[in-house]
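Geometric and topological summary
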Amino acid sequence: MTEHAARRPAGPDETRSANRAWWDGEAEAYHAEHGAFLGDDGFVWGPEGWTEDELGLLDLSPGMTVLEIGAGGAQCSRSLLSRGDVRVVASDLSGGMLRTAARIDAGREGPPVPLLQCDGTRLPLVDDSVDRVFTAYGVVPFVADSATVLAEAARVLRPGGRFVFSTSHPVRWAFPDVPGEAGLTATTSYFDRTPYVESTSGVVTYAEHHRTLGDLVRQVVAAGLALVDLVEPEWPERNREEWGGWSPLRGRLLPGTAILVTERPVP
Ligand SMILES: C[S@@+](CC[C@H](N)C(=O)[O-])C[C@H]1O[C@@H](n2cnc3c(N)ncnc32)[C@H](O)[C@@H]1O
């Protein structure tokens, strides 16, 4: 049980161990709450509900090798696998989330998604080995050192390969994380990078980290990647569902998600 929630520092190691345990414990509840919205073989980029079929950000071609990081129940990878023309591996830090992925596969026809348990900041892959790396809301907000995630993605990508990731839009950090009217008034500085941390008896049990849009762009550049697009998906009329602090009310006025499309340049 969370005893304390506050904006306070949390380093890479305590963030990693806290979030691994938190997602292990939360895996089945997360699937029960959001599984229908995500679809067991859906590819949704965020709470707005836009899909990869609609946005086409990965720019896939037949024969490509794709790595998903922070895959959770591997819905996105399952969706790509069902195309039948790309090779996909779904990875996550949390064994609990991957067990949910395996459970989903066990209840379905067709080949299971290949699963890999690893930290998105330390990928167990050789250099220049994949064509696409992506994550929908995985890894990036849940690590203290997102520059390392970008550097790792750049390292394992072949020249010309893409890393595409969605994350909470940084602007959200200035507002209370609630779906209603109270979530429309800025109460915290957008520029305050102090993470949101939950703890029990002084031990970190959950951490989310904030960096501004400028910080993210600088991390892209520092990793040697080129920024192809920064997508700020608008809330579609068709979506009447709330997801935590994301809601139609706030979505009409404020950005909820940022999707960065990056590419490793061909020398
Ligand atoms: C909000 S869930 C998103 C899961 C999935 N992509 C989806 O759209 O439902 C965040 C995921 O990031 C994973 N994660 C957190 N920290 C990670 C890390 N350092 N490396 C890899 N995965 C991590 C969690 O275990 C969890 O599965």
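Residues numbered from 1 in each chain as written. Predicted model: local features only at pLDDT ≥ 70, side-chain atom pairs only at ≥ 80, totals over all residues.

An unreviewed UniProt entry annotates the protein chain as Class I SAM-dependent methyltransferase of Phycicoccus avicenniae.

An order of 4-3-2-5-6-10-9 is seen for the 7 strands of this open sheet, with the pairing classed as mixed. Because the sheet does not close on itself, it has two edges, and the strands there are strand 4 (115-117) and strand 9 (226-231). For this sheet, the mean angle separating the axes of adjacent strands, direction not counted, is 20 degrees. Note that strand 9 and strand 10 (residues 257-263) share 5 bridges and pair antiparallel. Looking at the pairing, Ala-226 lines up with Glu-263 of strand 10. Its contacts with the sheet put helix 5 (residues 146-156) on strand 2 (65-68), strand 5 (130-136) and strand 6 (157-168), and the angle it makes with strand 6 is roughly 150 degrees. (Pairing = 2+ DSSP bridges. Helix = DSSP H or I, 4+ residues; strand = E, 2+ residues; numbered from the N terminus. Axes fitted to C-alpha atoms, helices over the stretch in contact; angles between N-to-C directions. Contact = placed C-beta atoms within 7 Å.)

Our focus in this paragraph is the UniProt feature "domain: Methyltransferase type" (unreviewed entry) in the protein chain. Listed under "domain: Methyltransferase type" (unreviewed entry) in the UniProt record, and renumbered for this structure, are residues 67-165. Across residues 67-165 one finds 30% helix and 27% strand; the C-alpha atoms that close the span lie 12 Å apart. (UniProt positions renumbered as here; feature names shortened; annotations may be inferred.)

Quick look at the environment of Arg-172 now. Structurally, Arg-172 can be placed in the loop between strand 6 and strand 7 (196-200). Judged by C-beta crowding, with 21 C-beta atoms within 10 Å, Arg-172 ranks as buried. When the C-alpha positions of Arg-172 and Leu-80 are compared, they lie 30 Å apart, and in sequence the two are 92 residues distant. (Buried ≥ 20, exposed ≤ 12 C-beta atoms within 10 Å, placed from the backbone.)

Moving on: the site of the ligand. Surveying the vicinity of the ligand reveals 22 residues, the closest of which are Trp-23, Gly-70, Gly-72, Ser-94 and Gly-120. At the level of elements, helix 1 (12-38) and strand 5 are the ones that each hand at least two residues to the shell around the ligand. Per-element accounting of the shell around the ligand gives the leading share, 4 residues, to helix 1. Its residues placed into classes, the shell around the ligand shows 11 nonpolar, 8 polar and 3 charged. (Near = placed C-beta within 6 Å. Nonpolar A, V, L, I, M, F, W, Y, C, P; charged D, E, K, R; others polar.)

To continue, consider the packing of helix 1 against helix 4 (residues 95-106). Packing of helix 1 against helix 4 leaves a shortest axis separation of 6 Å and a crossing angle of 35 degrees. Residues Trp-23, Asp-24, Gly-25, Ala-27, Glu-28 and His-31 of helix 1 form the contact with helix 4, whose own contacting residues are Gly-95, Gly-96, Met-97, Arg-99 and Thr-100. For the contact of helix 1 with helix 4, a count of residues per class yields 3 nonpolar, 5 polar and 3 charged.

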